[in-house]
Amino acid sequence: MGQGGEGRQREGRRVSGTVRLAIDGPVASIVFDRPAARNAMTWSMYQELAAICERLPNEPGVRVACLRGAGGEAFVAGTDIEQFKSFDGARGVEYERGIDAGMARLQALPLPTVAVIEGWCVGGGLAIATACDIRIGSTTARLGVPIAKTLGNCLSGSNIAHLVAAFGRPRVQRMLIGAEILRAEEALACGYLAEVVAPEAVDNAADSLCQRLATLAPVTQEVSKEALRRLLTLNLPDVHDLILRTYDSADFHEGVAAFTQKRPPVWRGR
C-alpha cells in the first residue's frame, strides 16, 4: 500500500476509533482510542474489546489488565449516539443484551482489571468502568448516566444492579432520574474510586497499583472475582418489557434527533 493509502487508513482509524492492546510484562494495557469523540464507543470498538477479553486468558504471564481512555479528557463518553438513529424497541432490547454480554466478558476475566478514569466516564463508559475490579481516577473524573437529559433511553437490569452495588441506590437514583454527574471526590467517598490523584500523578498511580496486583495470589484473585460475580448476578429481574417500552417511545426518538441536530430535546412523555 502506498503512503497515501496508509494515511487514509490511519485517518479512518482515528475517526472510527479502535481499542488497542499492549502487553508489557505482567500488565495488559487496553486503551479506548477515539479522543476526537471523547472515546465514545462504536459497534466495532465493542467488538474489539470483546476480542481482547477472549484473548487475555490465553496470554502467558499477563496478571493484570489496565483499561484507560486515550487523550486524557475522557475514559469513555458512552456509546456513539449516531448509531441509535434506526433503533426501535426490538433493536433496543438487542443492544442492551449486547452490552450486558460485553460487560459479562470483561467481568469474567480471571485476572484483576483496573479502570483508570480521567475526565468523562458516562453511559456505556461507566458500565465498562463498573465492570472492572478496581478503579482509580484523576481529580478531573466526572461520572454519570445522564440519559434522562440527553437520549431518553434506559439501562438493563444487570447494568443498574452493578451500578447500585458500586455506588449505592441513592446515588444511582440521582444519576438516572436526576441526570446528575458525580465528581471524583464523591466517587472516592462512596468507595467507587479507590484513589483520586492529580492529573500529573495518574500514570504513576496506575503503574503502582497494577504492579502490586501482579504480585498477589492469582488463584485467590480469580475465585474471589467469580464469587463476587455470582453474588451480584443471582436472581436478576427481567426488565425487557421496560427496555422495549423505552426504545419504542417517541421520547427516545426525539432524544436521538435532538442530539444529532444539536438542539435541546422536547420531552412529551410518550
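For the structure, see preceding data.
Okay, so let's go over this structure.

Basis of the calculations
Residues numbered from 1 in each chain as written. Predicted model: local features only at pLDDT ≥ 70, side-chain atom pairs only at ≥ 80, totals over all residues. Heavy atoms only, no water. Helix = DSSP H or I, 4+ residues; strand = E, 2+ residues; numbered from the N terminus. Rg over C-alpha atoms; globule rule 2.2 N^0.38 Å. Buried < 20%, exposed > 50% of the residue type's maximum accessible area, 1.4 Å probe, protein only. Areas by Shrake-Rupley, 256 points an atom, 1.4 Å probe, with all protein chains shown as cover. Lys, Arg positive; Asp, Glu negative; His and termini not counted. Charge placed at Lys NZ, Arg CZ, Asp CG, Glu CD. Contact = heavy atoms within 4.5 Å. Polar contact = N/O pair within 3.5 Å; in protein donor to acceptor, adjacent residues only side chain to side chain. 1 Å grid on protein atoms, 1.4 Å probe; cavity = no way out; pocket = protein on both sides within 12 Å on 5 of 7 lines; lining within 4 Å. Points joined across faces, edges and corners; volume = space filled by probe spheres on them. Nonpolar A, V, L, I, M, F, W, Y, C, P; charged D, E, K, R; others polar. Phe/Tyr/Trp six-rings, centres within 6.5 Å; stacked < 30°, edge-to-face > 60°.

### Things to note about the overall build of the protein
The number of helices and strands found in the protein is 11 helices and 10 strands. Against the globule reference of 18 Å for 270 residues, the protein gives a C-alpha radius of gyration of 19 Å, in line with a compact fold. Each principal axis of the C-alpha atoms in the protein carries an extent, and together these give about 55 × 55 × 35 Å. Of all 270 residues assigned to the protein, the portion counted as buried reaches 46%. Summed over its atoms, the accessible surface of the protein is roughly 13300 Å², and 53% of this surface lies on carbon and sulfur atoms. Charged side chains in the protein number 30 positive and 30 negative. The centres of these two groups are separated by 3 Å.

### Focus on the environment of Arg270
Secondary-structure assignment places Arg270 in the segment after helix 11 (250–260). Look at Arg270 and you get exposed, because its relative accessible area is 59%. When the C-alpha atoms of Arg270 and Asp251 are compared, they prove to be 6.0 Å apart, with 19 residues separating the residues in sequence. With residues up to four places along the chain from it excluded, the contact list for Arg270 reads Ser249, Ala250 and Asp251.

### A short note on the side chain of Glu118
With respect to the helices, strands and loops of the structure, Glu118 is situated in the loop between strand 5 (113–117) and strand 6 (120–122). Reaching out from Glu118, the side chain makes a polar contact with the side chain of Arg68 at a distance of 3.0 Å. Setting aside chain neighbours within four positions, we find Glu118 in contact with Arg68, Gly69, Gly72, Glu73, Ala74, Phe75, Ser138, Thr140 and Val202.

### Thoughts on the side chain of Ser249
Locating Ser249 in the fold gives a position in the loop between helix 10 (240–247) and helix 11. Judged by its relative accessible area of 14%, Ser249 falls in the buried class. Side-chain polar atoms of Ser249 contact the backbone oxygen of Thr246, separated by 2.6 Å.

### Observations regarding the layout of surface pockets
Looking at the largest pocket, its volume works out to about 820 Å³. The wall of the largest pocket is formed by 34 residues, among which Ala77, Thr79, Ile81, Val122 and Phe259 lie closest to the centre. Within the residue set of the lining of the largest pocket, elements represented by two or more residues are helix 3 (89–107), strand 6, helix 4 (124–131) and helix 11. With 3 residues, helix 3 is the single largest residue contributor to the lining of the largest pocket. Considering only enclosed or pocket space, the second largest pocket measures out at about 620 Å³ in volume. The wall of the second largest pocket is formed by 23 residues, among which Gly152, Asn153, Cys154, Leu242 and Thr246 lie closest to the centre. Taken together, the elements giving at least two residues each to the lining of the second largest pocket come down to helix 5 (157–167) and helix 10. Taken together, the residues that form the lining of the second largest pocket break down as 13 nonpolar, 7 polar and 3 charged.

### Focus: the packing of aromatic side chains
Within the structure shown, the criterion is met by 11 aromatic pairs. Consider the rings of Phe84 and Tyr95, whose centres lie 5.1 Å apart with planes at 85 degrees: the pair is edge-to-face. Note that Phe84 is positioned in the loop between strand 4 (74–77) and helix 3 and Tyr95 in helix 3, a separation of 11 residues in sequence. For the pair Phe84 and Tyr95, one class covers both residues: buried. Counting every residue linked through ring pairs, the aromatic cluster contains Trp43, Phe84, Phe87, Tyr95, Tyr247 and Phe252.

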